[in-house]
Amino acid sequence: YTLFGPVSGWIWNDRSNLALVAENQTTRGRGTIRVLVFNFPFWANATTTTRHVPALEDLDFPLELADAWAYDGVANTTGHAEFFLDAFGGQWGNQSLAGDSTLSQRSWFNATEARTVPAGTFLEAARIHTDSGGAPSDRWYHPDVRNYVQMETHTVNGPSDYTHVWANLTGY
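First, a word on scope: everything that follows refers to the structure included in this document.

Conventions used here
- All chains use their own residue numbering, which begins from 1 and follows the written sequence.
- Owing to the predicted nature of the model, reporting of local features is limited to residues with pLDDT of at least 70; listing and counting of side-chain atom pairs is limited to 80 or more, with chain, interface and lining totals taken over all residues.
- To get the side-chain values, take all heavy atoms of the structure and skip hydrogens and water.
- For the purposes of this entry, the term helix denotes a DSSP run of H or I that reaches at least four residues, the term strand denotes a run of E that reaches at least two, and both are numbered from the N terminus.
- What makes two residues a contact is simply this: any of their non-hydrogen atoms within 4.5 Å.
- Pairs of N or O atoms within 3.5 Å make up the polar contacts considered here, provided that, within protein, one atom can donate a hydrogen while the other can accept it, and that residues adjacent in sequence are counted only when both atoms are side-chain atoms.
- Buried Ala, Val, Leu, Ile, Met, Phe, Trp, Tyr and Cys residues that are joined via side-chain atoms within 4.5 Å together make up what is termed a nonpolar core.
- Buried residues are those whose accessible area, probed at 1.4 Å on protein chains only, stays under 20% of the maximum for their type, while exposed residues exceed 50% and partly exposed ones sit between those limits.
- Salt bridge, as applied in this entry: a Lys or Arg side-chain nitrogen positioned within 4 Å of an Asp or Glu carboxyl oxygen.
- When the centres of two rings from Phe, Tyr and Trp lie within 6.5 Å, Trp using its six-membered ring, the rings pair. Their planes under 30 degrees apart give stacked, over 60 give edge-to-face, and anything left gives tilted.
- For a ring to carry a charge above it, either NZ of a lysine or CZ of an arginine must fall within 6 Å of the ring centroid while also lying within 35 degrees of the normal to the ring plane.

Moving on: the environment of Asn39. As for its position among the elements, Asn39 is in strand E4 (residues 38–56). Between the C-alpha atom of Asn39 and that of Ala87, which follows or precedes it by 48 residues, the distance is 9.1 Å. Setting aside residues no more than four positions away along its own chain, Asn39 makes contact with Thr32, Ile33 and Arg34. Side-chain polar atoms of Asn39 contact the side chain of Arg34, separated by 3.4 Å.

Ranked by size, the top nonpolar core spans 8 residues in total: Leu18, Leu59, Trp69, Phe109, Ala126, Ile128, Tyr141 and Tyr148. Apart from residues lying up to four places away in sequence, Trp69 is in contact with Glu57, Asp58, Leu59, Asp60, Leu63, Gln105, Arg106, Ser107, Trp108, Phe109 and Ile128. Formed by 7 residues, the second largest nonpolar core is a distinct cluster that contains Val117, Phe122, Ala125 and Val145.

Counted by the stated rule, this structure contains 5 salt bridges. The partner of Asp58 in a salt bridge is Arg139, with the nearest N and O atoms 3.1 Å apart. Of this pair, Asp58 sits in the loop between E4 and strand E5 (68–85) while Arg139 is found in strand E9 (residues 137–142), placing the two residues 81 residues apart along the sequence. On the accessibility criterion, Asp58 (11% relative accessible area) is buried.

Let us now look at the packing of aromatic side chains. Summed over all chains, the structure comprises 7 aromatic pairs. Taking 6.5 Å as the distance between ring centres and 35° as the angle between the ring planes, the aromatic pair formed by Phe42 and Phe83 counts as tilted. With a gap of 41 residues between them, Phe42 in strand E4 and Phe83 in strand E5 connect regions that are remote in the sequence. For Phe42, a relative accessible area of 13% gives the class buried. The class for Phe83 is partly exposed, based on a relative accessible area of 33%. Here the aromatic rings of Tyr141 and Tyr148 are separated by 6.4 Å at their centres, their planes lie at 85°, and the arrangement is edge-to-face. Of the two residues, Tyr141 and Tyr148, neither departs from the other in class, the shared state being buried. Here the aromatic cluster, defined as three or more aromatic residues joined through ring pairs, consists of Phe38, Phe40 and Phe88. Just above the ring of Trp140 sits the side chain of Arg115; from NZ or CZ to the centre is 3.9 Å.

When you line up the elements, Thr26 lands in strand E3 (residues 19–35). Setting aside residues up to four positions removed in sequence, Thr26 forms contacts with Pro6, Val7, Ser8, Ala46 and Thr47.

Laid out in C-alpha cells, this is it:
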C-alpha cells in the first residue's frame, strides 16, 4: 500500500528538564492498496495521545560531551484509527490503538555541530543520539532556546517499509 498525508500534534514537556510527559499525533492519509493487479483507493485517519510514566527524560542535565544515560518506563496510549477501502463494495473499519507498552532507550551526547533551520543558525548544538530498539534518532539541543533545534528519526522494518522523519525549529 501507499499512503500520503499530513501529521500534526502537540507535546507536553516539563520545562525544568525537558522530560516528555505526553504527546499527541493526528494523521489523515490517502493512497492506494494493491490487490492482485488492481489498485484501490484507500484512506485512513488516526489520533493517539500517549502519556509517559515516569516522564521520558530525553536529556540528562548538565550536558557534558560523552555523557550517556538510559530511560525505562511505560507509555500509556489512547486513540483509534479508522479506514476505508473502496473495493469489493467498500470496506470500512475502526481499530483501537489503546494500550500500555514498555519503553527502553539509551542516549548519549556524542558531538557538537552547527545546525541551520528556519529559526536560524545554531552553533555548537549538542548532538544527542538515541536508540530505542530499532528507531535510532539524532536530535540537536541548543541552550539558547532550551530545546531541540532539529530532530531526525529513522525506522527501517524492511527494504520497502521505512520511515524517515525530520523536524526543524521554526521559531522561538
